[in-house]
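# Commentary on secondary and tertiary structure
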Amino acid sequence: MRNKLHKRRDFIERSTLSALAFLKDATFAEEYANCKGFLQSLDPRFKTITFLLFLITAVSLKSAVLIGSLYGVCLTLALLSSIPVAHFLTRTLLFIPLFSLTIVLPTLFSVVTPGEPVWSFHCLGIHGVITRPGLDGALLFVVRIATSVSLIVLLSITTRHSELLKVLRVFGIPQIFVLTVSMCYRYLFLFATMVENIFTAVKSRVGILSHRQHGQQVVAWNIANTWNRTTQMSEEVYMAMLSRGYTGEPRLLSEFQATPKDWVWLVCAVILCAGLFYKGYTL
Amino acid sequence: MSDIIFELKDVQYSYLGKFPALCGVDMTIRSGEKIAVIGANGTGKSTLLQLLDGLIFPQNGHMTAFGERLLEHSHADEKAAHRFRRRVGLVFQNADIQLFCPSVREDIAFGPLQLGVAEKEVNRRIIEVAQVLDIQHLLDRVPHQLSIGEKRRVAIASVLAIDPDVYLFDEPTAGLDPLTVRHIIDFIVKANQRGKTIITATHDLHIIGEIADTVYVFGRNKRIVRGGSSESVLNDRLLLETNNLVHIHRHHHDGMEHVHQHLPLEPHD
């Protein structure tokens, strides 16, 4: 009873801290991006463009087998990039197909997708028939989602987020936008840590058990305090930018350097996608 | 006269027009000088550095930098602003403010790039300053993963990459471990030996003997209450006591607790 009360009381704090921990984990974990591996060795521009190409291929193909083969390529790339397969599969396959299956569930049945029946059943007086076109459509949908998500996850975990942001410039995004997003990314961590510290400071003074209403007050105070500090800090950061010569039009370092390996990779990726498109067309 | 870099006459500044930060400061800073500005918290040291860096401008009084009057509208001209920024660099007290880029390399490159330095030269400077401050291994790290000492060294590197004539340091050793303090003091001393003008705001009196030849003491009235050689200022017990700058500590001697104060240059008994 006491435990239940406790859990309910610090619900807000736990939710906030869990959200912050997830945010930090998802956004700032660069463990695999710093590993030595095939994808990590590629120029981020080439890597992003080829993954975009794979993504377009995955969403355009109408054959689950061909999309599945692209998924195979994705897994091979993960292996070559020192990504533990179990971790990768857990991250990409455990929840996403389950969610997509829930979405496509109605399309399995003859009511939504008529066609050749594969299996019929009676449940609670309802007669249900699963059809082959329904099954094929659902399979295609799930495989497509799993492949697309896996490609995106693979790209994001093998590339530093700062590099991914800089790649945006290849697509003609203005430097000021890239700089602003980069700074948001930079300070997100700082403010997440600040909010965590405030919770720890409150806990150190009032203990773990606090009334729910008090918890809400702490959160409200936290929001106001963080807002004040972000406003103040943004002015100071602007001063620091001015101090180093910023006049409104930023110039950023373009560190990317393409190597023959990047070009070979690009050609291979284009050939692979063209081959898959051709195979899909002739099927 | 030509070697005067900054000249301040009765300079006043207040925040939001009602919170005074500087109430009539007179100061002359010459090229190659090593100056410390000391004072208790809230006496206007950081505000002075921001004025000297052209981030804020005097509301009253007269201030010149490199022989020209420092006015807000003169910095509206990009060329004039860049000319000034190439000559003056400020290392902020809070390194998290100064390091706003997603990687250390980009933070070091930011200043020179904005000031129109060619990218090839910027890359050369990155390697050079990284070697000087021993931060080669940090170049591709993100700033939020660094320790306070590492952040401070990267912040100094971001200014060093501009290679200004005047370095302004705001509490450069606050909160750092002794070894990092040593590295920063060595850096400041070497920069001065290369002809750079150094102005440091601090209340760490123990480092002043090394980083300053001239010391200005700021009082509670937000004015300079005394200026002079570091030795004469640091030996003036009454001045330091009055301005809340004396080091007081408590320790044990032969099982007895002992509380006393001592001056930075005074031998400890």
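In case you missed it, the structure is sitting above this.
What comes next is a walk through the structure. (Residues numbered from 1 in each chain as written. Chains lettered and ligands numbered in written order. Predicted model: local features only at pLDDT ≥ 70, side-chain atom pairs only at ≥ 80, totals over all residues. Heavy atoms only, no water.)

## Re the pattern of salt bridges
Residues and elements named next belong to chain B. Scanning the model with the defined rule gives 20 salt bridges over all chains in all. With a closest N to O distance of 2.9 Å, Arg 182 and Asp 186 form a salt bridge. Of this pair, Arg 182 and Asp 186 both sit in helix H7 (residues 178-193), four residues apart, which is roughly one turn of the helix. The partly exposed category is assigned to Arg 182, whose relative accessible area is 32%. Among the salt bridges present, the one from Asp 236 reaches Arg 226, with a minimum N-O distance of 2.6 Å. One end of the pair, Asp 236, is in the loop between helix H9 (230-234) and helix H10 (237-242); the other, Arg 226, is in strand S10 (residues 224-229), and ten residues separate them in sequence. (Salt bridge = Lys/Arg side-chain N within 4 Å of Asp/Glu carboxyl O. Helix = DSSP H or I, 4+ residues; strand = E, 2+ residues; numbered from the N terminus. Buried < 20%, exposed > 50% of the residue type's maximum accessible area, 1.4 Å probe, protein only.)

## A word on the interface of chain A and chain B
Listed by partner, the interface residues are 32 residues for chain A and 40 residues for chain B. It is Arg186(A), Arg244(A) and Arg251(A) in chain A that bury the most area against chain B; as a group they hold 29% of the surface buried on that side. Where chain A touches chain B, the interface holds three salt bridges. Inspection of the chain A/chain B interface yields eleven residue pairs in polar contact (both at pLDDT 80 or more). Among the elements of the structure, helix H8 (161-167), helix H9 (175-206) and helix H10 (212-243) of chain A are those that each provide at least two residues to the side of chain A that touches chain B. Classifying every residue of the side of chain A that touches chain B by side-chain character gives 17 nonpolar, six polar and nine charged. (Contact = heavy atoms within 4.5 Å. Buried area = accessible area lost by both parts, 1.4 Å probe. Polar contact = N/O pair within 3.5 Å; in protein donor to acceptor, adjacent residues only side chain to side chain. Nonpolar A, V, L, I, M, F, W, Y, C, P; charged D, E, K, R; others polar.)

Read these as layout, nothing more, since geometry by itself doesn't imply function.
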